[in-house]
Amino acid sequence: MKNIALFGGSFDPLHVGHEAIINALDGLLDIDEIIVVPTFLNPFKTSSSADAQDRYDVLKNRFKNKKNVFISDYEIKQKTKVPSIDSVKHFLKSYKKVYLVIGADNLEKLHLWQDYNELKNLVTFIVATRDNISIPKKYITLHVDETVSSTQIRQGQKQLQKRIENITKVLDDNKAEAIEVFDLREKNYFVEYAIIASSLSQRHTLALLNHMKDDLKPAEHFNNVDESGDWIVVDLGDILVHIMTSEYRVKYDMESFLSDLSDGQEGL
């Protein structure tokens, strides 16, 4: 029977800190497999930002090429909060030894976990370093360099969504038409979002650009503006804005290209 490292969590969202932990586990001790277990709902929380199945799918896609990393839907299938001890007992039916991976930030409340006294006798804890928190010698310390948290990621996403709302409002308030937003995160594209808006004329295209500059500066940094009468492209770093006359929008069909990227297709 094999030995496993069991790494559970909300993964809401998955971030580089999680990946750093999984990478650090690879080849550690006598661990044969790493099993990642997304929760249906964290026992200490009342809700999650992303749907459980969506979080599971993201994990499956991200680690599909790692042969010793497996994503388990055990907790998701329970459709309720699952304490760690239940998952540990489930996997001990099929595996010889379970290393339970937690973050150092969990140490303070570890004794409050359900049936902790029984749990600590069933597993060997591996504790991932975080925020310079001291880890007692009785635990195996897993050194990881990444410090990005799910909370920080969500805050960044909220800020990005607010920026998109501000941009689309400026365009809409100044009579841009057919405004569309494309989510291109994790699509191997050079920006995270693209926005397309139709103008009424060449003059209106330029006017919309000027309104963006007047209303969005200094909050937005205009890295580059590529101007032609019928089509203006505004590079805001992680957001790209296309302002096009209706004729040019039909001619170049940018939304089909961006939709293909959004759907995970190859595009052009």
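These numbers were taken from a predicted model, which means no experiment stands behind them.

How would you summarise helix H1 (residues 16-25) if you had to cite specific residues and measurements?
Inspection of H1 places Gly17, His18, Ala20, Ile21, Ile22 and Leu25 among the buried residues, and these make up the whole buried set. Note on H1: the residue one or two positions beyond its end, Gly27, has a positive phi of about 85°.

Give me the pairing of strand E5 (residues 124-128): which residues, what numbers.
The element E5 is extensively covered by neighbouring structure, given that 4 of its 5 residues are classed as buried. Here strand E4 (residues 97-103) pairs with E5 via 5 bridges, running parallel. Among the inter-strand pairings, Tyr99 is bridged to a residue of E5, identified as Thr124. The β-α-β motif built from E4, the intervening helix H5 (residues 116-122) and the parallel element E5 has right-handed crossover chirality. Two elements, E5 and strand E6 (residues 140-142), share 3 bridges in a ladder whose sense is parallel. In the sheet register, Ile126 faces E6, and the bridge partner there is Ile140.

Please provide a residue-by-residue account of the confidence of the model for the chain, values included.
Summary statistics for the chain give a mean pLDDT of 87 and a share of 88% for residues scoring 70 or more. Of the regions scoring below 50 in pLDDT, residues 264-268 engages in 6 contacts with residues more than four places distant in sequence or in other chains.

Please provide a residue-by-residue account of the pattern of salt bridges, values included.
All chains considered together, the criterion is met by 12 salt bridges. Note that Asp105 and Arg130 form a salt bridge whose closest N and O atoms lie 3.0 Å from each other. Of the two residues, Asp105 is situated in the loop between E4 and H5 and Arg130 in the loop between E5 and E6; the sequence distance between them amounts to 25 residues. Owing to a relative accessible area of 38%, Asp105 belongs among the partly exposed residues under this scheme.

Help me get a handle on the sheet that holds strand E11 (residues 239-245), residues and values and all.
In spatial order, the strands read E7-E8-E11-E10-E9; together these 5 strands make up an open sheet with mixed pairing. The sheet is open, and its two edges are formed by strand E7 (177-183) and strand E9 (224-228), each paired on a single side. Going from strand to strand, the sheet's axes swing by 10° on average, the running direction of each strand aside. Pairing of E9 with strand E10 (residues 231-235), which is carried by 5 bridges, proceeds in the antiparallel orientation. Bridged to Asn224 within E10 is Asp235.

Can you break down the environment of Asp12 residue by residue, with the values?
Its location among the elements puts Asp12 in the loop between strand E1 (3-9) and H1. When the C-alpha positions of Asp12 and Ala52 are compared, they lie 9.0 Å apart, and in sequence the two are 40 residues distant.

Quick one: what's the story with the packing of aromatic side chains, residue by residue and with numbers?
Counted under the stated rule, the structure contains 5 aromatic pairs. Each ring, one from Phe7 and one from Phe11, has its centre 5.3 Å from the other, and the planes form 85°; the classification is edge-to-face. Assessed through its relative accessible area of 6%, Phe7 is described here as buried. The exposure class assigned to Phe11 is buried, which follows from its relative accessible area of 4%.

Which residues make up unusual backbone geometry, and what values go with them?
For the bond running from Lys217 to Pro218, omega is 0°, close enough to zero to count as cis. By secondary structure assignment, the location of Pro218 is in the loop between helix H7 (202-216) and E9. The backbone of Leu29 sits at a positive phi, close to 50°, despite the residue not being glycine. Examined against the element boundaries, Leu29 turns out to sit in the loop between H1 and strand E2 (33-38). Here the phi dihedral of Asp115 falls at roughly 50°; this positive angle occurs in a residue that is not glycine. With respect to the helices, strands and loops of the structure, Asp115 is situated in the loop between E4 and H5.

Kindly report on the sheet that holds strand E3 (residues 69-71), identifying the contributing residues and their values.
One open sheet holds the 6 strands; their spatial order is E3-E2-E1-E4-E5-E6, and the pairing between them is parallel. The open sheet is flanked by E3 and E6, the only strands paired with a single partner. Across this sheet, the average inter-strand angle for adjacent strands is 30°, counted without regard to direction. As defined by bridge partners, E2 adjoins E3 across 3 bridges and the pair is classed as parallel. Paired with Ile35 across the bridge in E3 is Phe70.

Scoring rules and cut-offs
Residues numbered from 1 in each chain as written. Predicted model: local features only at pLDDT ≥ 70, side-chain atom pairs only at ≥ 80, totals over all residues. Heavy atoms only, no water. Buried < 20%, exposed > 50% of the residue type's maximum accessible area, 1.4 Å probe, protein only. Helix = DSSP H or I, 4+ residues; strand = E, 2+ residues; numbered from the N terminus. Pairing = 2+ DSSP bridges. Right-handed = clockwise from strand over helix to strand, strands pointing away. pLDDT = per-residue confidence, 0-100. Contact = heavy atoms within 4.5 Å. Salt bridge = Lys/Arg side-chain N within 4 Å of Asp/Glu carboxyl O. Axes fitted to C-alpha atoms, helices over the stretch in contact; angles between N-to-C directions. Phe/Tyr/Trp six-rings, centres within 6.5 Å; stacked < 30°, edge-to-face > 60°.

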